[in-house]
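Next come the chains, spelled out residue by residue.
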Amino acid sequence: MKKKEYKVAVLGATGMVGGVMMKVLEERNFPISEFLPLASKRTAGSSVTFKGKKYEVQLSTPEVFEGVDIVLASAGASVSEKLAPEAVKRGAVVIDNTSHFRMDPNVPLVVPEVNPQDLKKHKGIIANPNCSTAQMVLILKPIYDAVGIKRIVVSTYQATSGWGKEAVDLLKGQMQDFMAGKPVRSDPSIFLKQIAFNCIPHIDKFTENGYTKEELKMVNETQKIMGDNSIAVTATCVRIPVMIGHSESVNIETKKKISAAEVKSLLAKFPTVKVIDDISKPDYPTPLECEGKDDTFVGRIREDISIPNGIDLWIVSDNLRRGAATNAVLIAERMIADGLL
């Protein structure tokens, strides 16, 4: 018999994404019988507030998952590698926001509006995609279903919060230093070059083929979520001096001709996608307007004049919510609705 309420643990509760996970659970009134915030030794023992009540953050150990129904995990790949299987052994379903399980063939990689059918294949762990991939596939899905997709060229403009709180703090500090006429502080462990008033075409480590790991995530994850390895994808990922909100310029080569007007109509009907595209004003989405929202915003939709079957568009989304926390909660909600929890 399906349960009506669930014991939910947030692994990485003191991090940026963990904090937003708690906020989204609260906002969406997720059916929780018991709430358990978890973190590493560094922040275990501190407190967090959930639904107006203070909770002591517990140390994340294998034993702490006894009796837990759902784990929302965002504490780093190495932590998930170790603890997610332990949680599953004890009967929990883990929705993991790290990169560790995404390309595991035995782990579904899910954006609920795009490939909810893959949830039925889970063996205890469901992976959340990279935040940049999540917002892009929401836009690709209705186009793919209508006319097919041959190739995607994407350039991302990613917020510092994608790295973490320390990167946001570094951006703020560098801006303050610059405006005060002081030497700009630096932290090569976060960014090798100054991020304030700059753009850095380097996210994650470089690989032998010249792509970064972030760029290859977008290639591989897009193909897996869409269920089509024939889609050619190439990406350039750039960090920009924005705190929250990833933007993407996407060029799509479709298998059949589709007009910009038809694309706008398809996207306007797709769940959690909002079209903001009026060049007469002009109006289009920007990161500031997406902050704190769960929808993915798309604009600048136009036909590519360089090829017969091409569409250009601009996508913006709150990376902490739609690209991470909200997607994880939506997965849990969909699993409940489908009788999988």
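The notes below deal with the structure included here. This is a predicted model, so every value here is computed, not measured.

Notes on the pattern of salt bridges
- Per the stated rule, a full pass over the model turns up 19 salt bridges.
- Arg90 is the salt-bridge partner of Glu66, the closest N and O atoms lying 3.3 Å from each other. Taken together, the positions of Glu66 in the loop between β5 (58-59) and β6 (70-73) and Arg90 in the loop between α2 (77-89) and β7 (93-96) put the pair 24 residues apart, joining distant regions of the chain.
- The partner of Lys141 in a salt bridge is Asp145, with the nearest N and O atoms 3.3 Å apart. With Lys141 and Asp145 both in helix α3 (residues 131-147) and four residues apart, the pair spans about one turn of that helix.
- Under the relative-accessibility criterion, Asp145 is labelled partly exposed at 48%.

Some points on the pairing of strand β1 (residues 6-11)
- In terms of burial, β1 is a largely internal element, six of the six residues being buried.
- Burial along β1 is two-sided: Tyr6, Val8 and Val10 and Lys7, Ala9 and Leu11, pointing in opposite directions, are all buried.
- Pairing of β1 with strand β2 (residues 32-39) involves six bridges; the strand directions are parallel. Within β2, the position partnered with Val10 by the bridge is Pro37.
- Pairing between β1 and β6: four bridges, direction parallel. Opposite Ala9, over in β6, you have Val71 as the bridge partner.

A look at helix α4 (residues 165-179)
- Relative to the 21 Å expected for 15 residues at 1.5 Å per residue, α4 spans 21 Å between its end C-alpha atoms, a close match to the ideal helical length.
- Burial in α4 covers these residues: Ala167, Val168, Leu170, Leu171, Gly173, Gln174 and Asp177.
- Of the residues flanking the end of α4, it is Gly181, one or two places downstream, whose phi is positive at about 75°.

Regarding the sheet that holds β6
- One open sheet accounts for six strands, arranged β5-β2-β1-β6-β7-β8; its pairing is parallel. For this open sheet the edge positions go to β5 and β8 (125-127), each flanked by a neighbour on one side alone.
- This element, helix α1 (residues 16-27), spans β1, β2 and β6 of the sheet and lies at about 155° to β1.
- Helix-sheet contacts for α2 involve β1, β6, β7 and β8, and the interaxial angle to β7 is about 155°.

Details of a nonpolar patch on the surface
- A contiguous nonpolar patch, built from Phe178, Met179 and Phe197 and spanning about 360 Å² of accessible area, is present on the exposed surface.
- Look at Met179 and you get exposed, because its relative accessible area is 63%.

What about the packing of aromatic side chains?
- Enumeration according to the criterion identifies five aromatic pairs in this entry.
- Relative to Tyr55, the ring of Phe35 has its centre 5.2 Å away and its plane inclined at 80°; by these criteria the two rings are edge-to-face. In this pair, Phe35 is assigned in strand β2 and Tyr55 in strand β4 (residues 53-56), connecting sequence segments 20 residues apart.
- Its relative accessible area of 6% is what places Phe35 among the buried residues.
- Between the aromatic rings of Tyr157 and Trp314, the centroid separation amounts to 5.6 Å while the plane-to-plane angle is 45°, which identifies the pairing as tilted. With Tyr157 in strand β9 (residues 149-158) and Trp314 in strand β14 (residues 310-317), the pair connects residues that are 157 residues apart, well separated along the chain.

Some remarks on the state of the cysteines
- If you walk through the whole model with that rule in mind, you get zero disulfides.
- Its sulfur unpaired, Cys199 is 13 Å from the next cysteine sulfur, which belongs to Cys237.
- Distance from the sulfur of Cys237, which forms no disulfide, to the nearest cysteine sulfur (Cys131) is 9.3 Å.

Considerations on the side chain of Thr234
- Its location among the elements puts Thr234 in strand β10 (residues 232-239).
- In terms of polar contacts, Thr234 uses its side chain to reach the side chain of Tyr211, at 2.7 Å.
- Leaving out residues up to four positions away in the same chain, Thr234 has contacts with Arg151, Ile152, Val153, Val154, Tyr211 and Val219.

A look at α3
- For α3, which comprises 17 residues, the first-to-last C-alpha distance of 25 Å matches the rise-based estimate of 24 Å (1.5 Å per residue) to within 8%.
- Where α3 bends most, the angle comes to about 35°, and this point is Leu140, followed within four residues by the proline Pro142.
- Taken from the residues just after α3, Gly148 is the one with a positive phi, measuring 75°.

Focus: the packing of α3 against helix α5 (residues 213-226)
- Across the interface, α3 lies against α5 with an axial gap of 10 Å and an inter-helix angle of 40°. Judged by the angle between their axes, α3 and α5 are oblique. Here the hand of the crossing between α3 and α5 comes out right-handed. On the side of α3, the interface is formed by Ser132, Thr133, Met136, Val137, Leu140, Lys141 and Tyr144, while α5 contributes Glu214, Lys217, Met218, Glu221, Thr222, Ile225 and Met226.

A few points about the layout of surface pockets
- Taken as a whole, the second largest pocket holds about 230 Å³ of empty space.
- In terms of lining, the second largest pocket is formed by 19 residues, of which the most central are Pro108, Asn115, Asp118, Lys121 and Lys224.
- Considering only residue class, the lining of the second largest pocket consists of eight nonpolar, four polar and seven charged.

Rules used throughout
For every chain, the first residue of the written sequence is number 1, and numbering continues from 1 onward in sequence order. Restriction of local features to residues with pLDDT of at least 70 applies here, the model being predicted, together with a cutoff of 80 or more for giving and counting side-chain atom pairs; totals for whole chains, interfaces and linings are based on all residues. Hydrogens and waters are ignored; side-chain quantities use all the structure's heavy atoms. Salt-bridge detection follows one rule: a side-chain nitrogen of Lys or Arg within 4 Å of a carboxyl oxygen of Asp or Glu. Secondary structure elements are defined from DSSP: runs of H or I of at least 4 residues count as helices, runs of E of at least 2 residues count as strands, and each element is numbered from the N terminus. Throughout this description, buried means an accessible area under 20% of the type-specific maximum (1.4 Å probe, protein chains only), exposed means over 50%, and partly exposed covers the range between. Two strands qualify as a pair provided that DSSP identifies no fewer than 2 bridges between them. Helix span is expected to be 1.5 Å times the residue number reduced by one. The contact criterion used throughout is that any non-hydrogen atoms of two residues lie within 4.5 Å. Geometry is summarised by axes, namely lines fitted to C-alpha atoms with helices restricted to the contacting stretch, and by angles between N-to-C directions that run from 0 to 180 degrees. Here a patch means residues that are over 30% exposed by relative accessible area and free of salt bridges, tied together within 9 Å if like-charged and within 5 Å if nonpolar (Val, Leu, Ile, Met, Phe, Trp, Tyr). Computed by Shrake-Rupley with a 1.4 Å probe, the accessible areas treat only the displayed protein chains as cover when residues are assessed. Aromatic rings from Phe, Tyr and Trp, taking only the six-membered ring of Trp, are treated as a pair when their centres fall within 6.5 Å; an angle between ring planes under 30 degrees marks them as stacked, one over 60 as edge-to-face, and anything in between as tilted. Whenever a pair of cysteine sulfur atoms sits within 2.5 Å, that pair is classed as a disulfide. Each polar contact in these results corresponds to two N or O atoms within 3.5 Å; when the atoms are within protein, one needs to be able to donate a hydrogen and the other to accept it, and residues that are neighboring in sequence are counted only if both atoms are side-chain atoms. Bend is computed residue by residue as the angle between axes fitted to the seven residues ending at the residue and the seven residues starting at it. Convention used here: angles under 35 degrees read as roughly parallel, angles over 145 as roughly antiparallel, angles from 65 to 115 as roughly perpendicular, and any remaining angle as oblique. Throughout, a crossing is termed right-handed when the near helix is turned clockwise from the far one, and left-handed when it is turned anticlockwise from it by less than a right angle. Cavities and pockets are found on a 1 Å grid laid over the protein atoms alone: a cavity is a set of points where a 1.4 Å probe fits but cannot escape, a pocket is an open set with protein on both sides within 12 Å along at least five of seven lines, and a lining residue has an atom within 4 Å of such a point. Grid points are joined across faces, edges and corners, and a volume is the space filled by probe spheres set on the points. In this classification, Asp, Glu, Lys and Arg are treated as charged, Ala, Val, Leu, Ile, Met, Phe, Trp, Tyr, Cys and Pro as nonpolar, and every other residue, Gly included, as polar.

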